[in-house]
Amino acid sequence: MNKSVFFGALTIAGLAAGAAAAGTLDDVKARGKLNCGVATGVPGFAAPNANGEWEGFDVAVCRAVAAAVLGDSTKIEFVPTTGKTRFTALASGEIDMLARNTTWTFSRDVDLKFDFIGVNYYDGQGFMVPKELGVSSAKELDGATVCIQTGTTTELNLADFFRINNISYEPVPIETNAEAQQQYLAGACDVYTTDASGLAASRATFDDPSAHIVLPEIISKEPLGPLVRHGDNEWGDVVRWTLNALIAAEELGVTSANLSEKAAGTDNPEINRLLGTEDNLGGMLGLSADWAVKAIAVAGNYGEIFEKNIGENTPIGLARGLNAQWTNGGLLYTPPFR
């Protein structure tokens, strides 16, 4: 193992151990603000709007956690992170949670000492090229220059794919999505590769999206989700079950439109437990009984958040696919609220 990589991992692990010992839930309550790490700007997922306010699919998860813990989704500071800075920011305690397009892998979970608390988007790595390049398959990219974000799983995936197919490429390293778009559109690389959702987000911002195509190959599994530090199980439970609450709300038919009605009590015991009118699941988390109501009230259930930010009727135009509920052939499946 390369010594610099080894000691880098030890440093992050040490930072994580120290930061986790403090008790993040108590820290957030005492501070009165959630510090949430996001991407530097991925349209539909996490990006500031014209007023400088952060919005998007990943941002909604941060806001839901802030609402569940503090009762106010605006009591939050968004900290932009790159592929290189995100893990140090989390391990050091600069941020309380990371909610950006980060893939759950063995080494990140075990070696870097982080806990992925769930998956909020099932993705896979793809390739985008100008239509004028005249290729229809990633296997036709022999000798291509490829823009790729450093410090990401896409680097190894890219190397593996080209090696397996006995073709070559020249990497063009970039650090942020914005830089990747700039370099790609300027012709500094023939190809841009990242998670397929990120390609769709980038393509939607181009002056002429139709001049660019996403090739059919998906070359990896990229389960994306929020993460926290190892060793702080109480905080991990809060973030995990807030995400689960958004997912379960969709499955149980709880929406932004009927939330107030459902929160008054229903004939479904699981809805009542979720919304705090039966048992006291909130108390088990160290939160109020209506913590999930507050989380869902921010932007609706998982399905509503998806459709508003990245769904088929948005410029991003993503179908639910694997991210549909398990009852509709997807992979979304939350443990029961009981």
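Everything in this summary refers to the structure shown in the same document. (Residues numbered from 1 in each chain as written. Predicted model: local features only at pLDDT ≥ 70, side-chain atom pairs only at ≥ 80, totals over all residues. Heavy atoms only, no water.)

**Considerations on the pattern of salt bridges**
- Applying the stated criterion to the full structure yields six salt bridges.
- The salt bridge involving Asp-96 is made with Arg-31; its shortest N-O contact spans 2.8 Å. Placement of the pair is Asp-96 in the loop between α4 (86-92) and β5 (97-98) and Arg-31 in helix α2 (residues 24-31), with a sequence separation of 65 residues.
- You can call Asp-96 buried: its relative accessible area is 2%.
- With a relative accessible area of 35%, Arg-31 lands in the partly exposed category.
- We note a salt bridge from Lys-84 to Glu-175, for which the minimum N-O separation is 3.8 Å. Here Glu-175 lies in the loop between β10 (169-174) and α7 (177-185) and Lys-84 lies in the loop between β4 (76-81) and α4, a separation of 91 residues in the sequence. (Salt bridge = Lys/Arg side-chain N within 4 Å of Asp/Glu carboxyl O. Helix = DSSP H or I, 4+ residues; strand = E, 2+ residues; numbered from the N terminus. Buried < 20%, exposed > 50% of the residue type's maximum accessible area, 1.4 Å probe, protein only.)

**Topic: the pairing of strand β1 (residues 34-39)**
- Of all six residues in β1, six are buried, a share of seventy percent or more.
- Taken together, the six bridges between β1 and β4 define a ladder with parallel strand orientation. Each residue of the ladder has a partner; that of Ala-39, found in β4, is Thr-81.
- Across two bridges, β1 lies against β5 in parallel orientation. Counted as the bridge partner of Cys-36 is Met-97 from β5. (Pairing = 2+ DSSP bridges.)

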